[in-house]
Amino acid sequence: MIVGSPRADRISSGGGRDLVCSRGGADRVKTGAGADRVLAGTGDDLVITGSGADRVRAGSGSDRVRCGAGNDRANHVGADRLSRCERVRRG
């Protein structure tokens, strides 16, 4: 598990199955290959997923999520922008 701070962080994960919790601040999260899970916290975050069946839960704030190759799923609330995600759910 990779956990960010309450401030703006740059978080990168490696290959394999990773769980990333970005917490507060305007974070930049980039995942590698593998089926990763990203829980974006408060703040206007940027999440870029790598290859693999990734899951992203956008937090509060205006998040941007760019899904990579694989069968990716994203849940969002508010004014988030999502692109290239195979499944998108609000709430």
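Residues numbered from 1 in each chain as written. Predicted model: local features only at pLDDT ≥ 70, side-chain atom pairs only at ≥ 80, totals over all residues. Heavy atoms only, no water.

**Student:** Lay out the environment of Thr 42 in plain terms, naming residues and giving numbers.
**Tutor:** The residue Thr 42 is located in the loop between strand E5 (37-39) and strand E6 (46-48) in this model. With a relative accessible area of 46%, Thr 42 lands in the partly exposed category. Ignoring any residue separated from it by four or fewer positions in sequence, one finds Thr 42 in contact with Arg 23, Gly 24, Gly 25 and Ser 60. (Helix = DSSP H or I, 4+ residues; strand = E, 2+ residues; numbered from the N terminus. Buried < 20%, exposed > 50% of the residue type's maximum accessible area, 1.4 Å probe, protein only. Contact = heavy atoms within 4.5 Å.)

**Student:** Could you give me a rundown of the state of the cysteines, with the residues and numbers involved?
**Tutor:** Counted under the stated rule, the structure contains 1 disulfide. One disulfide in the model links Cys 67 with Cys 85; its S-S distance is 2.1 Å. Judged by the torsion about the S-S bond (75°), the Cys 67/Cys 85 disulfide is right-handed. Of this pair, Cys 67 sits in the loop between strand E8 (64-66) and strand E9 (73-76) while Cys 85 sits in the loop between strand E10 (81-83) and strand E11 (87-90), and the two are 18 residues apart along the sequence. Accessibility assignment for this pair places Cys 67 and Cys 85 in one class, buried. (Disulfide = S-S within 2.5 Å.)

**Student:** Please provide a residue-by-residue account of a positive patch on the surface, values included.
**Tutor:** Together, Arg 10, Arg 28, Lys 30, Arg 64, Arg 66, Arg 81 and Arg 84 give the surface a local cluster of positive charge. When contributions to the positive patch are tallied by element, the ones reaching two or more residues are strand E4 (28-30) and E8. Within the secondary structure, Arg 84 sits in the loop between E10 and E11. With a relative accessible area of 61%, Arg 84 lands in the exposed category. (Patch = residues over 30% accessible without salt bridge, like charges linked within 9 Å, V, L, I, M, F, W, Y side chains within 5 Å. Areas by Shrake-Rupley, 256 points an atom, 1.4 Å probe, with all protein chains shown as cover. Salt bridge = Lys/Arg side-chain N within 4 Å of Asp/Glu carboxyl O. Lys, Arg positive; Asp, Glu negative; His and termini not counted. Charge placed at Lys NZ, Arg CZ, Asp CG, Glu CD.)

**Student:** Describe the layout of surface pockets, naming the residues involved and giving the relevant values.
**Tutor:** A volume near 240 Å³ is recorded for the largest pocket. Lining the largest pocket are Arg 37, Val 38, Leu 39, Arg 55, Val 56, Arg 57, Arg 73, Ala 74, Asn 75, Arg 87, Val 88 and Arg 89. Going through the elements one at a time, E5, strand E7 (55-57), E9 and E11 are the ones with two or more residues in the lining of the largest pocket. (1 Å grid on protein atoms, 1.4 Å probe; cavity = no way out; pocket = protein on both sides within 12 Å on 5 of 7 lines; lining within 4 Å. Points joined across faces, edges and corners; volume = space filled by probe spheres on them.)

**Student:** Outline the pairing of E9, listing residues and values.
**Tutor:** Summarising the sheet, E7 and E9 pair through 3 bridges and their orientation is parallel. Counterpart to Arg 55 in the pairing with E9 is Arg 73. (Pairing = 2+ DSSP bridges.)

**Student:** Now, about the side chain of Ser 5: what can you tell me, with residues and values included?
**Tutor:** Structurally, Ser 5 is set in the loop between strand E1 (2-3) and strand E2 (10-12). When its relative accessible area of 15% is taken as the criterion, Ser 5 is described as buried. Polar side-chain contacts of Ser 5 include one of 3.1 Å to the backbone nitrogen of Arg 7. The contacts of Ser 5, once residues within four sequence positions are left out, are Ser 22, Arg 23 and Gly 24. (Polar contact = N/O pair within 3.5 Å; in protein donor to acceptor, adjacent residues only side chain to side chain.)

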